[in-house]
Amino acid sequence: TATADITAKPVTVSGITAANKTYDTTNTATVDTSVATFDGIFGGDTLTVSTTGTFANENAGTGKTVTFGTLVLGGASAGNYSVKGDSQTTTTANISKETVTVSGIVAADKTYDGETDATIDPSGAIFAGKYAGDTLTVSTTGTFADADAGIGKTDTFGTLVLGGADVANYVL
């Protein structure tokens, strides 16, 4: 008798996808390996694959690259196979903008001047839905319903415009 080795057969793994997500300050991607394919597997053998996924950065965008961690084979036949070097290492997915609502904007009192223009103070704006550590600002215009003097007059805001360092990750 003699001894010899049987080495694991390399298979090419592909078909792994990543889920789209909404901005959450992290670059973690949810990976779906349920439809992965294994080129080079023998009929009747069973393989699965697991991995992690990481977006290039946490910011909102479309067609963003998701890079996979190590591809780990599983299933009843995993010991007979290895991951071939030309296997899938990336995919793409989207990070959509987080929705925020704004409150706390006020109009300043003024002396009658015959105009309906209002001076707006957005410095106390509150952004519901904004993540801690992110920076947002808001600007707008304001118009009183009429130019007449009065107490508790309604002011209508124009379009709210978001700004700040993290504006690209949010939408109203």
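Every chain is numbered on its own, with residues counted from 1 as its sequence reads. In keeping with the predicted nature of the model, local features appear solely for residues at pLDDT of at least 70, side-chain atom pairs appear and are counted solely at 80 or more, and the whole-chain, interface and lining totals rest on all residues. Calculation of side-chain values draws on the structure's entire complement of heavy atoms; hydrogens and water are dropped beforehand.

Asker: Help me understand the pattern of salt bridges, please; the structure alone is not making it clear to me.
Answerer: Note on pairing: side chains with opposite charge can pair once their charged atoms come close. When a carboxyl oxygen of Asp or Glu is within 4 Å of a side-chain nitrogen of Lys or Arg, the pair counts as a salt bridge. Per the counting criterion, the structure on display carries three salt bridges. Among the ionic pairs, Lys153 bridges to Asp146, the shortest N-O distance being 2.3 Å.

Asker: Teacher, can you tell me more about the packing of aromatic side chains here?
Answerer: Here the distance between the centres and the angle between the planes together describe a pair of aromatic rings. Centres within 6.5 Å are what make two rings of Phe, Tyr or Trp a pair, Trp counting through its six-membered ring; a difference in plane orientation under 30 degrees is then read as stacked, over 60 as edge-to-face, and the rest as tilted. For the structure shown, the criterion picks out two aromatic pairs. Taken together, a centroid distance of 5.9 Å and an interplanar angle of 80 degrees make the contact between Tyr23 and Tyr131 edge-to-face. Remark: Tyr131 occurs in the loop between β18 (126-128) and β19 (137-139) and Tyr23 occurs in the loop between β3 (21-22) and β4 (28-29); sequence separation between them is 108 residues. A 1.4 Å probe rolled over the protein chains alone gives each residue an accessible area, and that area as a share of the maximum for its type sets the label: buried under 20%, exposed over 50%, partly exposed in between. Classification of Tyr23 as buried rests on a relative accessible area of 2%. With relative accessibility at 28%, the residue Tyr131 sits in the partly exposed group. Ring centres 5.5 Å apart and planes at 75 degrees place the aromatic pair Tyr23 and Tyr170 in the edge-to-face group. Of the two residues, Tyr23 sits in the loop between β3 and β4 while Tyr170 sits in strand β23 (residues 170-171), which places them 147 residues apart along the sequence. Strands here are runs of E lasting at least two residues and helices are runs of H or I lasting at least four, both read from the DSSP assignment and numbered beginning at the N terminus.

Asker: Just checking my understanding: could you explain the sheet that holds strand β16 (residues 117-118) for this structure?
Answerer: Through backbone hydrogen bonds, the strands of a sheet pair up, either in parallel or in antiparallel fashion. At least two DSSP bridges between two strands are required for those strands to pair. A sheet is described by the order of its strands in space; here three strands give the open sequence β16-β20-β21, paired in antiparallel fashion. The open sheet terminates on both sides in strands that have one partner only, identified here as β16 and β21 (155-157).

Asker: Sorry if this is basic, but what is going on with the pairing of strand β12 (residues 90-96) here?
Answerer: Side-chain direction in a regular strand flips from residue to residue, so the side chains alternate between the two faces of the sheet. Covered by surrounding structure in β12 are Thr91, Ala93 and Ile95 only, the residues Thr90, Thr92, Asn94 and Ser96 on the alternate face being uncovered. Pairing between β3 and β12: two bridges, direction parallel. What sits directly across from Thr22, in β12, is Ser96. As paired elements, strand β9 (residues 61-68) and β12 share five bridges and run antiparallel to each other. Looking across to β12, one finds that Thr65 is bridged to Thr92.

Without other data, these values stay purely geometric and don't point to any function.
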